[in-house]
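If you want the building blocks of each chain, they are given just below.
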Amino acid sequence: MRALSIAATGMNAQQTNLEVTANNIANINTTGFKRARAEFTDLLYQAERAVGAPSRGGEANVPEGAYVGLGVRTAAIRNLHQQGSLAQTTNDYDLAINGRGFFQITGADGETFYTRAGAFNKNDQGVIVTLDGYEVQPAMTVPQDATKVTINETGEVYATIPGQVDPQLLGQITLANFVNEVGLEPMGGNLYRQTQSSGDPVTGVPGDPGFGRIHQGYLENSNVDAVKEITQLISAQRAYEMNSKVIQTVDAMYGTVANNMR
């Protein structure tokens, strides 16, 4: 019976659904994390009776056909890039984006990555880096004798130097936008990579049209909603149980047929 394989695809789909939801919950406190959602599509259909075929030779076509679906498959796991809430940290090197845009990061091999997690710091040379030591683009070095670093909403970075009346401008943080944010490839470590689906990055100054503003001393929380995720878990569990019930029913039917043949 086809019902066995059809129900099996349903169980596999709900297993994926559970794994995606579990990852969302696991990252509920991950800075800048964007929750994901599993998207499904139906599989091929097997025609028992083609729609539009003549009922008998020379007569009118049948108004409806008979098509049996063969199950479900995972079409995509979509990252939802809605804004997360901002949490105050008072750390001068913690930055949050309120609006669209990504910080640009230089990876170990020189490749550019993108992130919403603005938990930055200085390395041993005073360069502003991520928690994993990757440089923030454009690269900026904080003077060793700086007593305070100030970053305004438009991304200008200033350092207060003893003996200088005016703060020293260190550089300008820029943000990157993409036509299709969901097309970015998640790399782990709060990083995303550009793909053909995301399109090329468009860089700009924070606060410009289409770009968010930067808030110093804040971090963006994950956009995971615990209530929604628990509801999704319950829904996936019930769907898994129903598909399992189909398999049990088919097995019982096979058993009945086998007993009647003895």
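Further up the page is the structure itself.
Residues numbered from 1 in each chain as written. Predicted model: local features only at pLDDT ≥ 70, side-chain atom pairs only at ≥ 80, totals over all residues. Heavy atoms only, no water.

Draft legend 1. View of the sheet that holds strand β12 (residues 148-151). Spatially, the 3 strands line up as an open sheet ordered β12-β13-β14, and their pairing is antiparallel. Because the sheet does not close on itself, it has two edges, and the strands there are β12 and β14 (168-172). Within this sheet the neighbouring strands show an average axis-to-axis angle of 25 degrees, counted without direction. Sheet topology places strand β13 (residues 156-160) next to β14; 4 bridges connect them, and they run antiparallel. Across the sheet, residue valine 157 finds its bridge partner in β14, namely glycine 171. (Pairing = 2+ DSSP bridges. Helix = DSSP H or I, 4+ residues; strand = E, 2+ residues; numbered from the N terminus. Axes fitted to C-alpha atoms, helices over the stretch in contact; angles between N-to-C directions.)

Draft legend 2. Here's a closer look at a nonpolar patch on the surface. Taken together, the side chains of Tyr45, Val51 and Tyr67 make up a nonpolar region of the molecular surface, amounting to roughly 320 Å² of accessible area. Position of valine 51 relative to the elements: it lies in the loop between β2 (45-49) and β3 (66-69). (Patch = residues over 30% accessible without salt bridge, like charges linked within 9 Å, V, L, I, M, F, W, Y side chains within 5 Å. Areas by Shrake-Rupley, 256 points an atom, 1.4 Å probe, with all protein chains shown as cover. Salt bridge = Lys/Arg side-chain N within 4 Å of Asp/Glu carboxyl O.)

Draft legend 3. View of the side chain of histidine 81. The topology assignment puts histidine 81 in the loop between β4 (72-79) and β5 (86-88). Of note is the side chain of histidine 81, whose polar atom sits 3.4 Å from the backbone oxygen of glutamate 181. When near neighbours in sequence (up to four residues on either side) are disregarded, histidine 81 contacts Lys34, Phe102, Glu181, Val182, Tyr192 and Asn223. (Polar contact = N/O pair within 3.5 Å; in protein donor to acceptor, adjacent residues only side chain to side chain. Contact = heavy atoms within 4.5 Å.)

Draft legend 4. Here's a closer look at helix α1 (residues 2-26). The first and last C-alpha atoms of α1 sit 36 Å apart over 25 residues, in line with the 36 Å expected at 1.5 Å per residue. If you check which residues of α1 are buried, you get Ala7, Thr9, Gly10, Met11, Ala13, Gln14, Thr16, Asn17, Val20, Thr21 and Asn24. (Expected span 1.5 Å × (residues − 1). Buried < 20%, exposed > 50% of the residue type's maximum accessible area, 1.4 Å probe, protein only.)

Draft legend 5. Structural view of the pattern of salt bridges. In this structure the tally under the stated criterion is 10 salt bridges. For aspartate 92, the salt bridge is made with lysine 148, and the minimal N-O distance between the two is 3.8 Å. With aspartate 92 in the loop between β5 and β6 (95-98) and lysine 148 in strand β12, this pair connects stretches of sequence that are 56 residues apart. Judged by its relative accessible area of 40%, lysine 148 falls in the partly exposed class. A salt bridge links arginine 116 to glutamate 220; its shortest N-O distance comes to 3.0 Å. Residue arginine 116 is found in the loop between β8 (112-115) and β9 (121-122), and its partner glutamate 220 is found in strand β20 (residues 218-220); the two are separated by 104 residues along the sequence. Linked through salt bridges whose partners overlap, the residues forming this network are Lys34, Arg116 and Glu220.

Draft legend 6. Highlighting the nonpolar core. Counting residues in hydrophobic clusters, the biggest one holds 22 residues, and the most contacted among them are Phe103 and Ile173. Among all residues touching isoleucine 173, those that are not within four sequence positions of it are Leu95, Phe103, Pro138, Met140, Ile151, Thr154, Gly155, Val157, Pro206 and Ile214. Formed by 6 residues, the second largest nonpolar core is a distinct cluster that contains Phe102, Tyr114, Ala176 and Leu184. (Core = buried A, V, L, I, M, F, W, Y, C linked by side-chain atoms within 4.5 Å.)

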